[in-house]
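Topology and contacts: notes
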Amino acid sequence: MHDRTESLTKQGFIRHDWTRNEVRALFALPFPELLFRAQNIHREHFDPREVQISTLLSIKTGGCPEDCAYCPQSVHFDTGVDAEKLMSRAAVTEAARAAKASGASRFCMGAAWRSPKDRDLDRVCAMVEDVKALGLETCVTLGMLTDAQAQRLKTAGLDYYNHNLDTSPEYYEQIITTRTYQDRLDTLAHVRAAGIHVCCGGIVGMGESREDRVGMIATLASLSEHPESVPINMLVRVEGTPLAQAHALDPLEFVRTIAVARITMPASVVRLSAGREDMSEETQALCFLAGANSIFYGPKLLTTPNPAQDHDRVLMDKLGLTAMR
Ligand code: SF4
């Protein structure tokens with residue numbers, strides 16, 4: 001089994017039949033071996049000096065009826081995040097213009113909904129059209145989508161839809177009870193069927209076991225098409241959420257998760273997402289070595305802090321990394 005894993009991953013061969021045993025074996029590799037393999041595969045598909053930069057804007061904050069245990073925007077938790085209305089089209093366009101001026105190539109818009117109402121979707125479609133007109137790629141995350149809603153977003157020109165699996169199927173119920181894993185897979189299928197690129201990953205450091213991290217990556221890597229973008233988030237422990245006191249994950253285990261995502265989904269962009277604010281430069285550098293090639297830029301990730309753009313620029317300069325165009 002180990003030899004097969006080695007020979008198939010060496011060429012960056014894209015497979016959709018990853019078994020948990022294989023993914024588990026990758027997680028268990030000696031760290032230098034794991035990073036070496038991830039590096040080789042990264043270089044077969046990407047220029048390792050390039051990092052794709054996205055900016056994320058919360059276009060509708062708070063008041064979400066879902067109960068995702070990590071999220072300060074859920075109405076179930078008292079986190080001090082107030083429910084706001086959907087932003088105006090003009091304000092979103094202005095933010096997108098500023099993001100482009102700071103070097104972003106993709107503008108992501110997030111709304112704290114269980115699923116969008118049709119009249120809200122009309123407004124989001126108009127925002128997508130405006131952002132596209134600025135020459136930016138567009139991504140939205142709006143919760144669960146029906147087939148018809150995904151088609152409407154596609155018609156508006158949407159490039160990416162973000163919908164994370166969050167964790168393994170087994171651990172999922174510890175994190176969310178208001179919708180099922182299957183609901184998530186169904187939304188991903190609707191997005192795919194509409195011809196929109198998929199952005200889908202998860203969060204680590206939520207008290208899950210390594211086996212859950214194995215399960216999450218194995219599920220992502222066994223999708224019939226890999227997500228074009230795979231965000232791997234480190235939990236940001238927010239006061240008032242059930243995970244506020246979660247035990248911090250060893251940063252090297254986070255790096256391992258990035259490396260295994262890179263090896264199993266060779267042609268996907270792997271995004272070093274939430275949690276960078278609390279990460280040392282050294283850990284972030286290891287993540288890039290492990291095959292991460294995308295970051296969120298900007299002072300805020302929805303409602304939690306993110307390293308300031310200047311800080312990011314200094315780190316990228318130090319590492320000789322440039323923005324992917
Ligand atoms: S993660 Fe999204 S769906 Fe879950 S509570 Fe937060 S805003 Fe709602």
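Structure shown above.
This report concerns the structure included in the present document. (Residues numbered from 1 in each chain as written. Predicted model: local features only at pLDDT ≥ 70, side-chain atom pairs only at ≥ 80, totals over all residues. Heavy atoms only, no water.)

Section: the overall build of the protein chain
Helix and strand content of the protein chain: twelve helices and twelve strands. Relative to the 2.2 N^0.38 estimate, which gives 20 Å for 325 residues, the radius of gyration of the protein chain is 19 Å and therefore close to what a compact globule would have. Burial statistics for the protein chain: of 325 residues in total, 59% are counted as buried. Summarising the internal contacts of the protein chain: among those between residues at least 6 apart in sequence, 74% fall at separations of at least 24. For the protein chain, the exposed surface amounts to about 13,300 Å²; the carbon and sulfur share of it is 53%. Here the protein chain contributes 35 positively and 42 negatively charged side chains, and the mean placements of these two sets differ by 3 Å. (Helix = DSSP H or I, 4+ residues; strand = E, 2+ residues; numbered from the N terminus. Rg over C-alpha atoms; globule rule 2.2 N^0.38 Å. Buried < 20%, exposed > 50% of the residue type's maximum accessible area, 1.4 Å probe, protein only. Contact = heavy atoms within 4.5 Å. Areas by Shrake-Rupley, 256 points an atom, 1.4 Å probe, with all protein chains shown as cover. Lys, Arg positive; Asp, Glu negative; His and termini not counted. Charge placed at Lys NZ, Arg CZ, Asp CG, Glu CD.)

Things to note about the packing of aromatic side chains
One pass over the structure, following the stated rule, counts one aromatic pair. Ring geometry for Y172 and Y181: centres 5.2 Å apart, planes at 80°, overall edge-to-face. Residue classification places Y172 among the buried positions, given a relative accessible area of 2%. Positioned above the aromatic ring of W18, the side-chain terminus of R15 is 4.1 Å from the ring centre. The side chain of R106 reaches across the aromatic face of Y160, ending 3.7 Å from its centre. (Phe/Tyr/Trp six-rings, centres within 6.5 Å; stacked < 30°, edge-to-face > 60°. Lys NZ or Arg CZ within 6 Å of the ring centre and 35° of its normal.)

Quick word on the packing of helix α3 (residues 31–45) against helix α11 (residues 281–289)
Contact geometry for α3 and α11: axes closest at 9 Å, N-to-C directions at 55°. By the criterion of interaxial angle, the relationship of α3 to α11 is oblique. Facing F31, L35, Q39 and H42 of α3, the residues of α11 in contact are L286, F288 and L289. Broken down by class, the residue content of the contact of α3 with α11 amounts to five nonpolar, two polar and no charged. (Axes fitted to C-alpha atoms, helices over the stretch in contact; angles between N-to-C directions. Parallel < 35°, antiparallel > 145°, perpendicular 65-115°, else oblique. Nonpolar A, V, L, I, M, F, W, Y, C, P; charged D, E, K, R; others polar.)

Section: unusual backbone geometry
Not every positive phi belongs to a glycine, and D166 is a case in point at roughly 75°. Position of D166 relative to the elements: it lies in the loop between β4 (160–162) and α7 (172–175). Taking relative accessible area as the criterion, D166 reaches 1% and is therefore assigned buried.

Regarding the packing of helix α6 (residues 147–155) against helix α8 (residues 181–193)
Orientation of α6 relative to α8, taken along the N-to-C sense of each, is 40°, at an axis distance of 8 Å. Comparing the axis directions of α6 and α8 gives the class oblique. Seen from above, α6 lies across α8 with right-handed handedness. Along the contact surface, α6 presents D147, A150 and Q151, while α8 presents H190, V191 and A193. (Left-handed = near helix turned anticlockwise from the far one by under 90°.)

As for the pattern of salt bridges
According to the stated counting rule, one finds 21 salt bridges in the structure shown. For the salt bridge of R37 with E33, the shortest nitrogen-to-oxygen distance reads 3.0 Å. One end of the pair is R37 and the other is E33, both in helix α3 and four residues apart, which spans about a single turn. Take R37: its relative accessible area is 7%, and that puts it in the buried class. Close ionic contact of E94 with R97 constitutes a salt bridge, the shortest N to O distance being 3.1 Å. Taken together, the positions of E94 and R97, both in helix α4 (residues 89–101) and three residues apart, correspond to about one turn of that helix. Shared partners join several salt bridges into a network, and the residues in it are E208, R210, R213 and E253. (Salt bridge = Lys/Arg side-chain N within 4 Å of Asp/Glu carboxyl O.)

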